[in-house]
Amino acid sequence: MPILGAHMSIAGGAHQALLRGKSICCDAIQMFTRNANRWAAKPLADEDIERFRTTREELGYEHVVAHASYLINLGSPDDDLWQRSQNALMEELERCRLLGIDRYILHPGAHVGTGEEAGLQRIADGLTAVLAVTEGSGVRILLENTAGQGTVLGSSFDQLAWLLDHATPAERLGVCLDTAHAAAAGYEFREAATYEALWQAFEGLIGRERLGALHLNDSLRDLGSHVDRHTHIGEGALGLEPFRLLMNDPCLRSVPMLLETPKGEDLAEDVVNLATLRGLIGREEPIVTLTAPVGADSEGRRA
Ligand code: ZN
Ligand code: MN
Ligand code: MN
């Protein structure tokens, strides 16, 4: 069975993310380790750490992953911002270590005008520096593929592979594949043949053993749009078929698959998306919807 879950809020304390996830039957969750839109964060108190660890134990989560906060940009040409990004990363990796979270998902970064080559080098150097300082923490950084919006890097397997080749140590690095970002970046994997080709390309350039997590999101905008907008499973440009293939892929049974789709506080949308995904398990016939779903406009929105 696939390991399914969703991103959960840490409002009220880190352990609340675990409780929220369990309340809607998540096998795994993703969470921030602090407020994701600010640089400063107050340190984790011992009782917060303890509470998180006991709650996780009680609820029996095998897979919990953290997501980096949004201000971090290891590709920044600005030395001050580059350093602040590294410091924030080190701090968040330390929070992961304290909480016992072994995977941390990071958007590689944006070059902000200096070009692909310079940006990638900057990111590799930043990663290497951060990994050196946090040596022995046991937390692995998973680089997330991106939609390639603006000057954002990491939208192709080639770029991710380059980063994995140039940052060290390799064993502390992996990849998180986001389905909406892959679609927005132009990857076609909406039926069996192209789905297989996608994984062959991934295997050839990155390696399956590097895959530490999957983000399951449909893409509101079309393939190759380079617009990062998530929507509900089956309601966007991807449709249900690629998710059916993912749900029934024996090679992905040990990789947590996490939703990052829009939702309200009651998590009702997550419940629907998880039910949709679980409903695809064991379905053998293809579900072909290469055009926009019925009742949706050209951007996949429901009428
Ligand atoms: Zn992300
Ligand atoms: Mn994602
Ligand atoms: Mn996104």
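Our subject is the structure that appears above.
A brief structural summary. Residue numbers run consecutively from 1 along every chain, following the written order of its sequence. Chain A is the first chain written and ligand 1 is the first ligand written, with later ones labelled in order. Thresholds applied to this predicted model are a pLDDT of at least 70 for local features of residues and 80 or more for the giving and counting of side-chain atom pairs; totals over whole chains, interfaces and linings are not thresholded and use all residues. Side-chain descriptors were evaluated using all non-hydrogen atoms of the structure, hydrogens and water having been removed beforehand.

### Quick notes on the coordination of the zinc ion (ligand 1)
On the protein side, the zinc ion (ligand 1) has His67 (NE2), His107 (NE2) and Glu144 (OE) as donor atoms, found 2.0 to 2.1 Å from it. Each metal's donors are the N, O and S atoms found within 2.8 Å of it, except that Na, K and Ca use a 3.2 Å limit; water is left out, so coordination can look incomplete. If you list the donors of the zinc ion (ligand 1) from N- to C-terminus, the spacing comes out as H-x39-H-x36-E. Here the manganese ion (ligand 2) and the zinc ion (ligand 1) are spaced 3.4 Å from one another, each receiving a donor from Glu144. One end of the pair, His107, is in the loop between β4 (103–106) and β5 (109–110); the other, Glu144, is in strand β6 (residues 140–144), with 37 residues separating them in the sequence. Judged by its relative accessible area of 27%, His107 is partly exposed. Judged by its relative accessible area of 1%, Glu144 is buried. Put simply, DSSP H or I for four residues or longer makes a helix, DSSP E for two residues or longer makes a strand, and each gets a number counted from the N terminus. Each residue gets one of three labels from its accessible area relative to the maximum for its type: buried under 20%, exposed over 50%, partly exposed in between, using a 1.4 Å probe on protein chains only.

### Things to note about helix α2 (residues 46–59)
Between the first and last residue of a helix there are one fewer steps than residues, each counted as 1.5 Å, and that sum is the expected span. Taking 1.5 Å of rise per residue, the 14 residues of α2 would be expected to cover 20 Å, and the 20 Å separating its terminal C-alpha atoms lies within 8% of that figure. Listing the buried residues of α2 in full gives Ile49, Phe52, Thr55 and Arg56. Around the axis of α2, the buried residues are gathered within 140° of arc, so they sit on the same side. Away from its buried face, by an angle of more than 90 degrees, α2 presents the exposed residues Asp46, Glu47, Arg51, Glu57 and Glu58. Here a residue-residue contact requires only that any non-hydrogen atoms of the pair lie within 4.5 Å. If you follow the buried residues of α2, they end up packed against α1 (14–23), β2 (28–31), β3 (63–67) and α3 (79–99). Note on α2: the residue one or two positions beyond its end, Gly60, has a positive phi of about 70°. Note that the arc is computed from the directions linking the helix axis to the C-beta atoms.

### Quick notes on unusual backbone geometry
The phi angle of most residues is negative, glycine excepted, and most peptide bonds adopt the trans form. Omega for the peptide link from Thr168 to Pro169 comes to 0°, which places this bond in the cis form. Tracing the chain through its elements places Pro169 in the loop between α5 (157–166) and β8 (173–178). Positive phi values are uncommon outside glycine, yet Cys25 reaches one of about 65°. Mapped onto the secondary structure, Cys25 falls in the loop between α1 and β2. Of note, Leu267 is a non-glycine position whose phi angle comes to about 65°, a positive value. With respect to the helices, strands and loops of the structure, Leu267 is situated in the loop between β12 (256–259) and α9 (268–279). Taking relative accessible area as the criterion, Leu267 reaches 8% and is therefore assigned buried.

### Description of the coordination of the manganese ion (ligand 2)
Within the protein, the atoms that donate to the manganese ion (ligand 2) are Glu144 (OE), Asp178 (OD), His215 (ND1) and Glu260 (OE), at distances of 2.0 to 2.2 Å. In the primary sequence, the donor residues of the manganese ion (ligand 2) line up as E-x33-D-x36-H-x44-E. Exposure remark for Glu260: the relative accessible area of 17% places this residue in the buried category.

### Considering the packing of aromatic side chains
Side-chain rings of Phe, Tyr and Trp, where Trp is taken by its six-membered ring, are said to pair if the distance between their centres is within 6.5 Å; with planes under 30 degrees apart they count as stacked, over 60 as edge-to-face, and otherwise as tilted. Taken as a whole, this structure holds five aromatic pairs when the rule is applied. Plain terms: the ring middles of Phe32 and Tyr70 are 5.5 Å apart, the flat faces sit at 75° to each other, and that makes the pair edge-to-face. With Phe32 in the loop between β2 and α2 and Tyr70 in the loop between β3 and α3, the pair connects residues that are 38 residues apart, well separated along the chain. Aromatic pair Trp199 and Phe202: ring centres 5.2 Å apart, planes at 70°, arrangement edge-to-face. Of the two residues, Trp199 and Phe202 both sit in helix α7 (residues 192–205), three residues apart, roughly one turn of that helix. Across the pair, Phe202 and Trp199 agree in class, each one buried. The rings of Phe157, Tyr187, Tyr195, Trp199 and Phe202 are connected pair by pair, giving a single aromatic cluster.

### Some words on the state of the cysteines
Pairs of cysteine sulfur atoms within 2.5 Å are identified as disulfides in what follows. By the definition in use, this model includes zero disulfides. Cys26 supplies the cysteine sulfur nearest to Cys25, a cysteine that is in no disulfide, at a spacing of 8.0 Å. Under the relative-accessibility criterion, Cys25 is labelled exposed at 52%. In this model Cys251 remains outside any disulfide bridge; the closest cysteine sulfur is found in Cys176, 18 Å from its own. The exposure class assigned to Cys251 is partly exposed, which follows from its relative accessible area of 49%.

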